[in-house]
Amino acid sequence: MPADCGGEAVNQQSLPLATTAIDITRLVKFSPNPQPSSWQVYGGKQKWHGKVGSFIGVLEVLNSRAHGIVLQFEDGAIETFHPMDLMPHREAA
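Before going into details, it helps to say that this report is about the structure given with it. (Residues numbered from 1 in each chain as written. Predicted model: local features only at pLDDT ≥ 70, side-chain atom pairs only at ≥ 80, totals over all residues. Heavy atoms only, no water.)

A separate point is the packing of aromatic side chains. Using the criterion set out here, one finds four aromatic pairs in the structure. Ring geometry for Trp-48 against Phe-81: centres 6.1 Å apart, planes inclined by 85 degrees, an arrangement best described as edge-to-face. A residue pair is termed long-range when its members are at least 10 positions apart, and Trp-48 in the loop between β4 (38-41) and β5 (52-61) and Phe-81 in strand β7 (residues 78-81) qualify at 33 residues. Phe-81 carries the same exposure label as Trp-48, and that label is buried. Summarising the aromatic geometry, the rings of Phe-73 and Phe-81 are spaced 6.1 Å apart at their centres and angled 80 degrees between planes, so their arrangement reads as edge-to-face. Of the residues examined, Phe-73 reaches a relative accessible area of 7% and is grouped as buried. Each residue in the set Trp-48, Phe-73 and Phe-81 is aromatic and connected to the rest through ring pairs, giving one cluster. (Phe/Tyr/Trp six-rings, centres within 6.5 Å; stacked < 30°, edge-to-face > 60°. Helix = DSSP H or I, 4+ residues; strand = E, 2+ residues; numbered from the N terminus. Buried < 20%, exposed > 50% of the residue type's maximum accessible area, 1.4 Å probe, protein only.)

Shown next as structure tokens:
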């Protein structure tokens, strides 16, 4: 079952935990970017390589150093990337 970060608990099905639901809203934080800018993907999965998206925010795992840059692409797709996999997009002159 895919995780939904829309503010609801996510059912876990494959972990032998004592609980049947994990509230991920208290484990992650989304910080919107007040000044969206265009970034191009240079690393990560080949599927995204070379694509340009709008930097809409940062997703971080609380109480850790883990975070991802959230990009939204022209087709509406939203994906997260490691900061080192991105470079500012420069329009062709």
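With that settled, the discussion passes to the side chain of Asn-33. Counting through the fold element by element, Asn-33 comes out in the loop between β3 (28-32) and β4. Among the residues examined, Asn-33 registers a relative accessible area of 18% and is labelled buried. Separated by 3.1 Å, the side chain of Asn-33 and the backbone oxygen of Phe-55 make a polar contact. Leave out the neighbours within four places in its chain, and Asn-33 touches Phe-55, Ile-56 and Gly-57. (Polar contact = N/O pair within 3.5 Å; in protein donor to acceptor, adjacent residues only side chain to side chain. Contact = heavy atoms within 4.5 Å.)

Right, let's get into the environment of Leu-59. With respect to the helices and strands, Leu-59 occurs in strand β5. When the C-alpha positions of Leu-59 and Ile-69 are compared, they lie 6.4 Å apart, and in sequence the two are ten residues distant. Other than its neighbours up to four places away in sequence, Leu-59 contacts Val-28, Lys-29, Phe-30, Ala-66, His-67, Gly-68, Val-70 and Thr-80.

A few words on the side chain of Gln-40. Position of Gln-40 relative to the elements: it lies in strand β4. On the basis of relative accessibility, which here comes to 16%, the residue Gln-40 falls in the buried class. When residues no more than four places from it in sequence are discounted, the contact partners of Gln-40 are Gly-50, Lys-51, Val-52, Asp-85, Leu-86, Met-87 and His-89.

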